[in-house]
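# Structural characterization, general
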Amino acid sequence: MTQQLPVRARASRYRSVGRLLTVRVLGMLAVLLVLSIVIFSLMHLAPGDIVKNLLGNRPSSPEAVAAIREQYNLDDPVWLQYLKWLGGFVTGDLGQSIRLQVPVADAIGQRVGITMALCGLAFLVALIVAVPLGVHSAVRAGGWADRTANSLAVVGLSAPTFAVGLLLLYVFAYYIRVFPVYGAGSGGLDTLRHLVLPAVTLALGLGAIVVKLTRTAMLREFETDYVTSARARGIPESQVRRIALRNAAIPIVTGASLVLTFLVGGTVLAETTYALPGLGTLLQDSVLFKDIAVVQSLTLLVAVAIAVIALLADLAYFLLDPRIRRNEART
């Protein structure tokens, strides 16, 4: 009988995880469906003739106009155009880029690696620096280390991304000449070297958010009864901090997920400043050129990435907090 209890507990936990994932995935799909309608509608409600936007300033003949209308199904009803576009998006057929004259999937695939590497490196730098700094700031609350960390966080939150990028370029690429000025390099370590300054540029502002959240969460945990009891029992302070940090993990995970979602959608300025051939510059150039197929697909892909990150954050809450697991098991 006693051996069956752990088995039942694990089965209940798996059912809870499955129920949680099902509800969250269905909610995510509903949100993405609404967003796809909004994105499609905004592109087609934009001022001007969509055919002229696609052709630009080039001279156009009736045959060219007819070809464009046929290629983009512009003679179909709007609802049918939307269903064809959404069906193509789901199956991987994102259309043709009018500016690059290549499939949109190929244009995105050629640049997604740079953006993912930049986001991953910036996120890693932000967490490695910000979480220990936030913990130390909470431990030394009111001291010079705390005041210094708060001042750096305020500067990181206030400074615009492009201004920080230009400053780092001047100091470390022009004056000291440690890092390259622009571009993505030739691969491997050379690409990593080119991504250091852009990653630090993004990590400064994002790390400031994580510092503030970590400090606040740790201060709240330090004021709880279990921390006071642990200290009274003579438990080493380092162990007390680890316990408090584990209990403060949920707001930190929340902040980290928000940081990561901002990174996914906010690399345009950093990539433009450092001339990186990533998704940010692709989106910027496509908007300026009115390359509708790229703008629609890339915007929805960013929305999908943000929704997946939010889903992973919800799953992390479930795994980190046993109270959430108990509540899910009772429902």
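Residues numbered from 1 in each chain as written. Predicted model: local features only at pLDDT ≥ 70, side-chain atom pairs only at ≥ 80, totals over all residues. Heavy atoms only, no water.

Moving on to helix α7 (residues 161–175). Between its first and last C-alpha atoms α7 spans 20 Å; for 15 residues at 1.5 Å apiece the expected length is 21 Å, and the two agree. At L169, α7 shows its maximal bend, which comes to roughly 30°. All of the buried residues along α7 are V164, G165, L168, L169 and A173. R177 sits one or two positions beyond α7 and adopts a positive phi of about 60°. (Helix = DSSP H or I, 4+ residues; strand = E, 2+ residues; numbered from the N terminus. Expected span 1.5 Å × (residues − 1). Bend = angle between axes of the 7 residues up to and from the residue. Buried < 20%, exposed > 50% of the residue type's maximum accessible area, 1.4 Å probe, protein only.)

Its boundaries defined by the atoms lining it, the largest pocket holds a volume of some 390 Å³. Residue lining of the largest pocket: 19 residues in total, with Q71, Y72, N73, W85 and G95 positioned closest to the centre. (1 Å grid on protein atoms, 1.4 Å probe; cavity = no way out; pocket = protein on both sides within 12 Å on 5 of 7 lines; lining within 4 Å. Points joined across faces, edges and corners; volume = space filled by probe spheres on them.)

Next up on the list: the packing of helix α6 (residues 144–158) against helix α8 (residues 189–222). At a closest axis distance of 8 Å, the pairing of α6 and α8 adopts a crossing angle of 135°. Judged by the inter-axis angle, α6 sits oblique to α8. Taken as a pair, α6 and α8 cross one another with a handedness that is left-handed. Contacts from D146, N150, A153, G156 and L157 of α6 reach α8 at L204, G205, A208, I209, K212 and R215. For the contact of α6 with α8, the residue count by class is five nonpolar, three polar and three charged. (Axes fitted to C-alpha atoms, helices over the stretch in contact; angles between N-to-C directions. Parallel < 35°, antiparallel > 145°, perpendicular 65-115°, else oblique. Left-handed = near helix turned anticlockwise from the far one by under 90°. Contact = heavy atoms within 4.5 Å. Nonpolar A, V, L, I, M, F, W, Y, C, P; charged D, E, K, R; others polar.)

Once that is clear, we can look at the packing of aromatic side chains. Applying the stated criterion across every chain yields a total of six aromatic pairs. Between F40 and Y82, the ring centres sit 5.6 Å apart and the planes meet at 70°, which makes this aromatic pair edge-to-face. Here the residue F40 occupies a position in helix α1 (residues 4–45), and Y82 occupies one in helix α4 (residues 78–91), the gap between them amounting to 42 residues. On the accessibility criterion, F40 (4% relative accessible area) is buried. Judged by relative accessible area, Y82 falls into the buried class, the value being 11%. Between Y170 and Y175, the ring centres sit 6.4 Å apart and the planes meet at 25°, which makes this aromatic pair stacked. Using a relative accessible area of 48% as the deciding quantity, one classes Y170 as partly exposed. Given the relative accessible area of 63%, Y175 is considered exposed. Each member of the aromatic cluster is reached from another via a ring pair, and the members are F40, Y82, W85 and F89. (Phe/Tyr/Trp six-rings, centres within 6.5 Å; stacked < 30°, edge-to-face > 60°.)

Fair warning: the whole summary comes from geometry, so function is off the table for now.
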